[in-house]
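Summary of the model geometry
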Amino acid sequence: MIKYSHGVLAHLVERFHGMEEVRSSNLLYSTTFIMKTILTGVRVNSEPTLGNFLGAILPMVRLANEYSQQGWQVNIFVPDLHSIISEVDGDFQKNLVNSIKYYLAAGLRINENIHIYRQSYVPAHSEMAWILNCVATTGELGRMIQFKEKSAGQKSVNVGIFDYPVLMAADILLYSANYVPVGEDQFQHIELTRDIAIRVNHKFGDIFVIPEKSADQAKFMGIVNGDGIRIRDLTNPEKKMSKSTIGDNSKIMLLDNPEKAAKKIMSATTDSYANIKYDMLNQPGISNLLQIESLLTGVPLQEVISTWAGESHYGDLKKKVAESVSTFLANFQADFQAISDEQIYELLEVGEAYANDAADAKLLQLQKAFKLR
Ligand code: TYM
């Protein structure tokens, strides 16, 4: 297995705020003797945004480096079947390989407890999703916010868009994942996964490990107040930063030219209060900048907030955040360029052998419960 020592961004990974207290107060005591599993995936329809990075990739890298050393299993997979709910383009395979490079460029240190695989190379995901389709209800799936958003105003909606959270539940339950580092927009899917698993266990006995509640997931990620991370669109901060938003200035992509990205921060929409304050409800633009600054520099959010509290010159804050973003991108991109495709394919080969064994064993348990075996 290849050993990686990427680490230009190690400071980001190590200094993620709030972690020490959270870990010692809530988790370490109860998890010392039982090895657990952390799992996450990021779709690869295009290059990820800074929102994907700060909401999921960076927290995952930090948790993976720390907990895999203690014997926990860490699964990082590419949800390629989730990608095809919308059209994918000719660059899909390239994006897929890149999506794994992002973790490595962010400082992921590979060891035998970290498993990297593609969802469609582990057929048990699709098979388990089908069985769970017979557990989840149309009412539950119809209530998913992402489904409502993606189907709003469409004449015809493919079933994959509706059924997508069930596949996500299979992704998580197949590997008995306890923690699933994701951004706030995915919390509803985690809750659905829990509901499905509880229902199966209630009927058939202890088949599934129930993933932790969303609020506890957030705490595990180091977010002390229990809210998830939601990086906002730069031109319309009421909305989350999203790869699918039209308009280049609304989002920062991981491979954006650093100077260009700095300009996007300088032109970010703010408000007319002339008072720097962390208030996502009334001042989402300014709050978003404070959040980005904290996550990128590793300075705890409260500290960033008090440094800037009461200042009226938004331009000064923008300048500081623009600098943090461009420095981050320059370092990140240098590390990214140094990783070869061959390294990634080697990791996938090992990871997919592991994932198929682990997933088949759990699938068999469920098949037996449903009298299919
Ligand atoms: P996806 O690919 O839409 O997003 C990947 C991750 O990035 C997070 N994210 C954000 N976090 C903060 N601010 C933002 N603006 C922002 N935008 C996106 C998402 O919350 C997510 O964590 N269903 C998943 C992929 C998936 C998955 C899984 C994840 C499939 N199966 C099993 C975990 C476990 C998705 O579509 O994420």
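Residues numbered from 1 in each chain as written. Predicted model: local features only at pLDDT ≥ 70, side-chain atom pairs only at ≥ 80, totals over all residues. Heavy atoms only, no water.

The next thing to look at is the side chain of Lys318. Its location among the elements puts Lys318 in helix H15 (residues 314-337). There is no salt bridge for the buried Lys318, and the closest opposite charge comes from Asp271, which lies 9.6 Å off by N-O distance. Excluding anything up to four places from it in sequence, Lys318 contacts Ile265, Met266, Ser267, Ala268, Thr270 and Leu289. (Helix = DSSP H or I, 4+ residues; strand = E, 2+ residues; numbered from the N terminus. Buried < 20%, exposed > 50% of the residue type's maximum accessible area, 1.4 Å probe, protein only. Lys, Arg positive; Asp, Glu negative; His and termini not counted. Salt bridge = Lys/Arg side-chain N within 4 Å of Asp/Glu carboxyl O. Contact = heavy atoms within 4.5 Å.)

Neighbouring residues of the ligand: 27 residues in total, closest Tyr164, Asp171, Gly183, Asp185 and Ile231. Interatomic distance of 2.6 Å between a side-chain N/O atom of Asp171 and a nitrogen atom of the ligand. Between the ligand and Ile231 there is a distance of 2.8 Å, counted from a nitrogen atom to a backbone nitrogen or oxygen. Isolated, the ligand exposes 700 Å² of accessible area, and the fraction of that covered by the protein chains is 99%. Secondary-structure elements contributing two or more residues to the shell around the ligand are strand S1 (37-41), helix H3 (50-68) and helix H9 (159-173). (Near = heavy atom within 4 Å. Polar contact = N/O pair within 3.5 Å; in protein donor to acceptor, adjacent residues only side chain to side chain. Areas by Shrake-Rupley, 256 points an atom, 1.4 Å probe, with all protein chains shown as cover.)

Bringing the environment of Lys371 into the picture now. Mapped onto the secondary structure, Lys371 falls in the segment after helix H16 (341-369). With 256 residues separating them along the chain, Lys371 and His115 place their C-alpha atoms 31 Å apart.

This paragraph deals with the pattern of salt bridges. Under the criterion given, the structure shown has 12 salt bridges. Across the pair Arg118 and Glu352 runs a salt bridge whose closest N-O atoms are separated by 2.7 Å. Separated by 234 residues along the polypeptide, Arg118 in strand S3 (residues 114-118) and Glu352 in helix H16 bring together distant segments of the chain. Of the residues examined, Arg118 reaches a relative accessible area of 8% and is grouped as buried. Residue Lys219 pairs with Asp216 through a salt bridge whose shortest N-O separation is 3.9 Å.

This part is about the domain arrangement of the chain. When the domains of the chain are assigned, the result is domain 1 (6-227 + 340-369) and domain 2 (248-335). Of note, the centres of domain 1 and domain 2, computed from C-alpha atoms alone, are 28 Å apart. (Domains from an automatic or database assignment.)

Further remarks concern the packing of helix H5 (residues 92-105) against H16. Where H5 contacts H16, the axes come no closer than 10 Å and their chain directions differ by 90°. The angle between the axes of H5 and H16 places the two elements in the roughly perpendicular class. Residues Val97, Ile100, Lys101 and Leu104 of H5 touch H16, and the partners they reach there are Asp341, Ile344, Tyr345, Leu347 and Leu348. Residue composition of the contact of H5 with H16, grouped by class: 7 nonpolar, no polar and 2 charged. (Axes fitted to C-alpha atoms, helices over the stretch in contact; angles between N-to-C directions. Parallel < 35°, antiparallel > 145°, perpendicular 65-115°, else oblique. Nonpolar A, V, L, I, M, F, W, Y, C, P; charged D, E, K, R; others polar.)

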